[in-house]
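Here's the letter readout for the chains.
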Amino acid sequence: MAKTDEQTGPDGQTNRQTDGQAGQSARAETTLGYEQARDELVEVVRRLEAGGTSLEESLALWERGEELAKVCRHWLEGARARLDAALAEDEGAEGAEEAESAEEG
């Protein structure tokens with residue numbers, strides 16, 4: 001029977017993964033923080049730009065960079081969703097206050 005892992009991501013949603021289905025990038029997404037992924041991505045890009053690596057190593061670095069970019073995107077999308085929700089909540093509260101003021105006046 002396959003093991004199922006549940007973890008909460010940066011967007012507050014629960015992510016369920018079944019062993020065998022979850023790849024390295026999915027695991028990295030739930031274990032790496034944004035800053036960790038960003039810093040590692042910067043290092044990957046630096047190594048690729050410096051050159052001097054074999055084709056095989058360059059391909060591995062490129063693939064790792066793609067995974068790290070996906071992790072960063074995931075965190076940033078989660079942060080954007082949280083900001084949007086907070087802004088919508090603030091707008092809703094302001095609208096309710098304005099409606100109250102109009103009823104009183």
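Here, the structure is the one placed above.
Throughout what follows, the structure given in this document is the object of discussion. (Residues numbered from 1 in each chain as written. Predicted model: local features only at pLDDT ≥ 70, side-chain atom pairs only at ≥ 80, totals over all residues. Heavy atoms only, no water.)

A word on the overall build of the protein chain
Helix and strand content of the protein chain: 3 helices and 2 strands. When the elements of the protein chain are put in sequence order from the N terminus, they spell out β-β-α-α-α. Per-residue burial over the protein chain gives 18% buried out of 105 residues. Long-range contacts, defined here as pairs at least 24 residues apart, represent 51% of the contacts in the protein chain between residues at least 6 apart. (Helix = DSSP H or I, 4+ residues; strand = E, 2+ residues; numbered from the N terminus. Buried < 20%, exposed > 50% of the residue type's maximum accessible area, 1.4 Å probe, protein only. Contact = heavy atoms within 4.5 Å.)

Regarding the nonpolar core
In terms of nonpolar packing, the biggest core is built from 7 residues, these being Leu 32, Ala 37, Val 44, Leu 61, Leu 68, Val 71 and Cys 72. Here Leu 61 is in contact with Val 44, Arg 47, Leu 48 and Thr 53, once residues within four sequence places are set aside. (Core = buried A, V, L, I, M, F, W, Y, C linked by side-chain atoms within 4.5 Å.)

What to know about the pattern of salt bridges
Working definition: two side chains of opposite charge can pair if their charged atoms are close together. A complete count under the given rule lists 6 salt bridges for this structure. Measuring nitrogen to oxygen at the nearest pair gives 3.1 Å for the salt bridge that ties Asp 39 to Arg 38. Note that Asp 84 and Arg 80 form a salt bridge whose closest N and O atoms lie 3.5 Å from each other. Taken together, the positions of Asp 84 and Arg 80, both in helix H3 (residues 55–104) and 4 residues apart, correspond to about one turn of that helix. Connected through shared salt-bridge partners, Glu 40, Arg 64 and Glu 67 make up one network. (Salt bridge = Lys/Arg side-chain N within 4 Å of Asp/Glu carboxyl O.)

Regarding the environment of Gln 36
Within the secondary structure, Gln 36 is located in helix H2 (residues 34–50). Judged by relative accessible area, which is 46%, Gln 36 ranks as partly exposed. For the pair Gln 36 and Val 71, spaced 35 residues apart in sequence, the C-alpha separation works out to 9.8 Å.

Regarding the packing of H2 against H3
Running from N to C, H2 and H3 cross one another at 150 degrees; their axes reach a closest spacing of 9 Å. Judged by the angle between their axes, H2 and H3 are roughly antiparallel. The two elements H2 and H3 meet at a crossing, and its hand is left-handed. Along its contact with H2, which presents Tyr 34, Ala 37, Arg 38, Glu 40, Leu 41, Val 44, Arg 47 and Leu 48, the element H3 presents Glu 57, Ser 58, Leu 61, Trp 62, Arg 64, Gly 65, Leu 68, Ala 69, Val 71, Cys 72, Trp 75 and Leu 76. For the contact of H2 with H3, the residue count by class is 13 nonpolar, 2 polar and 5 charged. (Axes fitted to C-alpha atoms, helices over the stretch in contact; angles between N-to-C directions. Parallel < 35°, antiparallel > 145°, perpendicular 65-115°, else oblique. Left-handed = near helix turned anticlockwise from the far one by under 90°. Nonpolar A, V, L, I, M, F, W, Y, C, P; charged D, E, K, R; others polar.)

Things to note about the side chain of Glu 67
The topology assignment puts Glu 67 in helix H3. Among the polar contacts listed, one links the side chain of Glu 67 to the side chain of Arg 64, at a separation of 3.1 Å. (Polar contact = N/O pair within 3.5 Å; in protein donor to acceptor, adjacent residues only side chain to side chain.)

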